[in-house]
Amino acid sequence: MTAPTRSEHDLLGDRDVPAAAYWGIHTLRATENFPITGTPISAYPHLIDALAAVKEAAALANEELGLLAPEKAAAIVAACREIRAGELHDQFVVDVIQGGAGTSTNMNANEVLANRALELLGHAKGQYEFLHPNEDVNLGQSTNDVYPTAVKIATVFAVHGLLKAMSVLQDAFARKAVEFRDVLKMGRTQLQDAVPMTLGQEFSAYAVMIEEDRSRLAEAVELIHEINLGATAIGTGLNAPAGYTEAVRRHLAGITGLPLVTAANLVEATQDCGAFVQMSGVLKRIAVKLSKSCNDLRLLSSGPRAGLGEINLPPVQAGSSIMPGKVNPVIPEVVNQVAFEVIGNDVAITMAAEAGQLQLNAFEPIILHSLSESVTHLERACVTLAERCVDGITANTERLRATVENSIGLVTALNPHIGYTAATDIAREALVTGRGVAELVLEKGLLPAERLAGLLRPEVLAGSSTMPAI
């Protein structure tokens, strides 16, 4: 049997819409026009919640200004709160990448809210003569101020999750820094032996890198609190009554709990995507440094016998369908791939921001999609790396000490005490013969045994203290 439908009308004509759907004709056409990713906007719950918050604030502001009947406002507000509580998210069906600068997303929200509000008022879906998606739900608004405002609110909440995840990873690295504070090893520059350090110092650096990036991310998200709600189509505020811009900002700040501010110049704010570019740049910075740290973990754990083998990553799955016993560094590898994605997303965001013309940027849907993917994937990557890799890392202490004792780089620590020329000769002979630096220094009588032992103490070799600074 054919599912029941209802007929709706727009400027292109009449279409049948599934009777049970809360979305309407504009959403129907968008689903037909944009079969791009197969990912509906409902995949981004922060965005759906943000759209509902914007529409709720608009309804409250319009009621306050006497533009929207109290019973209509109450129904719209109730529908918005249901959506922010997780209801009806499956009704947000338009593809995340779409033409029209986000109009399809805004229309999808208008229709879902209108039809749910109609039900709350005792009417059937589609009876828009009682409450209309555009005339009531979208009153005083345009896609061009609703959509970017919702994207910013969604981004703020998503970034809060990423900041927490980065803190989890930072703490994991910091705990390992303390655990490995007395484990001596060779540092390397350009993949060659450099000078001794502790494994704790090495892991401390990873913790500090995450901490620094958390600070930069917290700074970048502050710019996202500036909104253009009330700008309507191009920033002139056409069709938004006097007092609306401040009233809707005040209500939206109260609903979201965010210190939102209205941009000083709404014409500029409606076309400028600079805050998104800066946010994406910080996400790229995080990705680059996170990937670098994962490269190190893979290198340090390489082997287990034919590589460096200085640390052991926790085994989480079999590594090969053909090589029995092989275990791969799959967690760092997946984080590397997230980093590659974030770097690619940054290029997409940059090009989309640049491609805007005149009073509007039509490409914010791809900015939303790319930012959301970057933030959510980085969040999951940080937690996964912390819990399934870093927390379980162990050190091959004896192997690390042996590399220090056998390293030519050890002679650098003795250079101030035996002279550069003698140190060079010792290094050359050690390299040719395979003998240890300390052994040759004692044999040639360059330093007494007691003084040499003092110079080779871990706290001397690795700095004034082996305790990492975190």
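See the structure shown above.
Keep in mind that this is a model prediction, so the values were computed, not measured. (Residues numbered from 1 in each chain as written. Predicted model: local features only at pLDDT ≥ 70, side-chain atom pairs only at ≥ 80, totals over all residues. Heavy atoms only, no water.)

Trainee: Report on the overall build of the protein, specifying residues and quantitative values.
Mentor: Of regular secondary structure, the protein possesses 18 helices and eight strands. For the protein, whose C-alpha radius of gyration is 30 Å, the value lies well above the compact-globule estimate of 23 Å for 470 residues. Summarising its shape, the C-alpha atoms of the protein cover approximately 100 × 55 × 35 Å along the three principal directions. Expressed as a percentage of its 470 residues, the buried residues of the protein come to 49%. Long-range contacts, defined as pairs at least 24 residues apart, comprise 72% of the intrachain contacts of the protein with a sequence gap of at least 6. Summing over all exposed atoms, the protein offers an accessible surface of approximately 20,800 Å²; the carbon and sulfur share of this is 55%. Where the 36 positive side-chain charges of the protein centre and where its 53 negative ones centre are 8 Å apart. (Helix = DSSP H or I, 4+ residues; strand = E, 2+ residues; numbered from the N terminus. Rg over C-alpha atoms; globule rule 2.2 N^0.38 Å. Buried < 20%, exposed > 50% of the residue type's maximum accessible area, 1.4 Å probe, protein only. Contact = heavy atoms within 4.5 Å. Areas by Shrake-Rupley, 256 points an atom, 1.4 Å probe, with all protein chains shown as cover. Lys, Arg positive; Asp, Glu negative; His and termini not counted. Charge placed at Lys NZ, Arg CZ, Asp CG, Glu CD.)

Trainee: Outline the side chain of K55, supporting the account with residue identities and numerical values.
Mentor: In this structure, K55 sits in helix α2 (residues 45-64). Within the buried set, K55 has no salt-bridge partner at all; the shortest N-O distance to an opposite charge, 7.4 Å, is to D145. With residues up to four places along the chain from it excluded, the contact list for K55 reads I76, C80, N106, N110, L113, V137, N138, Q141 and V146. (Salt bridge = Lys/Arg side-chain N within 4 Å of Asp/Glu carboxyl O.)

Trainee: Tell me about the pairing of strand β1 (residues 5-10), and please be specific about residues and values.
Mentor: Across the two faces of β1 the burial differs, with R6, E8 and D10 buried and T5, S7 and H9 not buried at all. In this structure, β1 lies alongside strand β2 (residues 13-18), joined through six bridges in antiparallel fashion. Paired with D10 across the two strands is G13, which belongs to β2. Joining the antiparallel neighbours β1 and β2 is a turn of two residues. (Pairing = 2+ DSSP bridges.)

Trainee: Before we move on, could you go through the nonpolar core and cite the residues and values that matter?
Mentor: It is characteristic of soluble globular proteins that their nonpolar side chains tend to be buried jointly. Among the nonpolar cores identified, the biggest contains 116 residues, and F203, L217, L283 and L385 are the most heavily contacted of them. Among the elements that line this core, the one with the most residues is helix α6 (residues 143-179), at 18 residues. Setting aside chain neighbours within four positions, we find L217 in contact with V159, L162, L163, M166, M279, V282, L283 and I286. (Core = buried A, V, L, I, M, F, W, Y, C linked by side-chain atoms within 4.5 Å.)

Trainee: So, the environment of E111: which residues are in play, and what are the values?
Mentor: Looking at where E111 falls in the secondary structure, it is placed in helix α4 (residues 103-120). Along the chain, E111 and Q91 lie 20 residues apart, while their C-alpha atoms are 9.6 Å from each other. When sequence neighbours within four positions are dropped, the list of residues in contact with E111 reads Y22, W23, G24, I25, H26, T27 and P133. In terms of polar contacts, E111 uses its side chain to reach the backbone amide nitrogen of G24, at 2.7 Å. (Polar contact = N/O pair within 3.5 Å; in protein donor to acceptor, adjacent residues only side chain to side chain.)

Trainee: Could you give me a rundown of the packing of aromatic side chains, with the residues and numbers involved?
Mentor: Summed over all chains, the structure comprises four aromatic pairs. On the basis of an interplanar angle of 55° and a centroid distance of 5.4 Å, the ring pair of F173 and Y206 is categorised as tilted. You can see F173 sitting in helix α6 and its partner Y206 sitting in helix α7 (residues 199-223), a full 33 residues away along the chain. Classification of F173 as buried rests on a relative accessible area of 0%. Look at F203 and Y206: their rings are 5.6 Å apart centre to centre, the planes differ by 75°, and that puts the pair in the edge-to-face class. Taken together, the residues span about one helical turn, with F203 and Y206 both in helix α7 at a distance of three residues. (Phe/Tyr/Trp six-rings, centres within 6.5 Å; stacked < 30°, edge-to-face > 60°.)

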